[in-house]
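# Survey of secondary and tertiary structure
If you want the building blocks of each chain, they are given just below.
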Amino acid sequence: MSVREIIIHPDPRLREKTSAVDAFTPELEKLIADMIETMYQAQGIGLAAPQIGEQKRLFVLDVSENHDQPQVYINPEIVAKAGEVQSEEGCLSIPGVTETVPRAETITVRALDQQGAAFEQQLTGLHAICVQHELDHLDGKLFIDYLSPLKQKRIRKKLLKQERLATQNAEQA
Ligand code: GNR
Ligand code: NI
């Protein structure tokens, strides 16, 4: 297993199309293990494959209290949603930014597990929000896309500036 580098906004790889997973291979097992390790190392509650540069339809999450119950969602689909909540979100690909966005309150998600077996979950609360956030990543969508264009512009500028400073520091070191 290895911790992989998380891609930061505004990187075009976060906007690319993703392909369905069509084979349950040792390579897929390795990718899943890397995603879980990377998520825990970054102290996130979820991680989607495009965030580490893999344009595939899968994500991992762990919304358990003790961070010891990772779950894998392969080729996920939301088949029903109901209600609306205001959700305060952050994203490992948009460090230092927290904003409130609208989400469905309850969802039904269908996906395959690590062994390729289909499952369905009816979710609410943080688990439902996390699934919606991760599924958006698979469609090249980020939570800031729900904000006003002005807010999006400010966030983009802030992250580009942070990147510039980090590069400068790396060159000095
Ligand atoms: O770690 C994360 N926390 C979080 C908080 C509120 C709503 C969604 C999330 S997901 C995020 C990890 C991440 O960026 N996943 O793509
Ligand atoms: Ni995210």
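A brief look at the structure comes next. (Residues numbered from 1 in each chain as written. Chains lettered and ligands numbered in written order. Predicted model: local features only at pLDDT ≥ 70, side-chain atom pairs only at ≥ 80, totals over all residues. Heavy atoms only, no water.)

### A word on the overall build of the protein chain
Across its full length, the protein chain carries three helices and seven strands. Seen in sequence order, the protein chain has helices and strands lined up from the N terminus as α-β-β-β-β-β-β-β-α-α. Over its C-alpha atoms the protein chain spans a radius of gyration of 16 Å, differing by no more than 12% from the 16 Å that the globule rule assigns to 173 residues. The dimensions of the protein chain, computed from C-alpha atoms along their principal axes, are 50 × 40 × 35 Å. Of all intrachain contacts in the protein chain linking residues separated by at least 6 positions in sequence, the fraction that spans at least 24 positions is 64%. As presented, the protein chain carries roughly 9600 Å² of accessible surface, and 48% of it is formed by carbon and sulfur atoms. Charge separation in the protein chain, taken as the distance between the mean sites of 19 positive and 26 negative side-chain charges, equals 11 Å. (Helix = DSSP H or I, 4+ residues; strand = E, 2+ residues; numbered from the N terminus. Rg over C-alpha atoms; globule rule 2.2 N^0.38 Å. Contact = heavy atoms within 4.5 Å. Areas by Shrake-Rupley, 256 points an atom, 1.4 Å probe, with all protein chains shown as cover. Lys, Arg positive; Asp, Glu negative; His and termini not counted. Charge placed at Lys NZ, Arg CZ, Asp CG, Glu CD.)

### Re the site of ligand 1
Close to ligand 1 lie 13 residues; I45, Q51, L92, E134 and H137 are nearest. In the environment of ligand 1, an oxygen atom lies 2.8 Å from a nitrogen or oxygen atom belonging to the side chain of Q51. The separation between an oxygen atom of ligand 1 and a polar side-chain atom of H133 is 3.2 Å. Among the elements that take part in the shell around ligand 1, helix α2 (residues 125–138) stands out by supplying four residues, more than any other. Taken together, the residues of the shell around ligand 1 break down into four nonpolar, six polar and three charged. (Near = heavy atom within 4 Å. Polar contact = N/O pair within 3.5 Å; in protein donor to acceptor, adjacent residues only side chain to side chain. Nonpolar A, V, L, I, M, F, W, Y, C, P; charged D, E, K, R; others polar.)

### Observations concerning the packing of aromatic side chains
Under the counting rule described, the total for this entry stands at two aromatic pairs. Taken together, a centroid distance of 4.8 Å and an interplanar angle of 20° make the contact between F59 and Y73 stacked. Taken together, the positions of F59 in strand β2 (residues 58–61) and Y73 in strand β3 (residues 71–82) put the pair 14 residues apart, joining distant regions of the chain. Across this residue pair, the class does not change: F59 and Y73 are buried. Through a chain of ring-to-ring contacts, three or more aromatic side chains come together here, namely F59, Y73 and F119. (Phe/Tyr/Trp six-rings, centres within 6.5 Å; stacked < 30°, edge-to-face > 60°. Buried < 20%, exposed > 50% of the residue type's maximum accessible area, 1.4 Å probe, protein only.)

### Overview of the pairing of strand β7 (residues 118–124)
Note that strand β6 (residues 106–112) and β7 share seven bridges and pair antiparallel. Looking at the pairing, V109 lines up with Q121 of β7. (Pairing = 2+ DSSP bridges.)

### Here's the deal with the coordination of the nickel ion (ligand 2)
The textbook angles at a metal center are 109.5 degrees for a tetrahedron of four donors and 90 or 180 degrees for an octahedron of six. Only C91 (SG), H133 (NE2) and H137 (NE2) from the protein coordinate the nickel ion (ligand 2), and they sit 2.1 to 2.3 Å from it. Going along the chain, you hit the donors of the nickel ion (ligand 2) in the pattern C-x41-H-x3-H. Residue C91 is located in the loop between β4 (85–89) and β5 (99–103), and its partner H137 is located in helix α2; the two are separated by 46 residues in the primary sequence. A relative accessible area of 9% means that C91 is categorised as buried. (Donors = N, O, S within 2.8 Å, 3.2 Å for Na, K, Ca; no water.)

### A short note on the sheet that holds β2
The strand order β1-β2-β3-β6-β7 describes an open sheet built from five strands, whose pairing is antiparallel. The open sheet terminates on both sides in strands that have one partner only, identified here as β1 (46–48) and β7. The sheet shows a mean angle of 40° between the axes of neighbouring strands, direction not considered. Strands β1, β2 and β3 of the sheet are contacted by helix α1 (residues 26–41), whose axis makes an angle of about 40° with β2. (Axes fitted to C-alpha atoms, helices over the stretch in contact; angles between N-to-C directions.)

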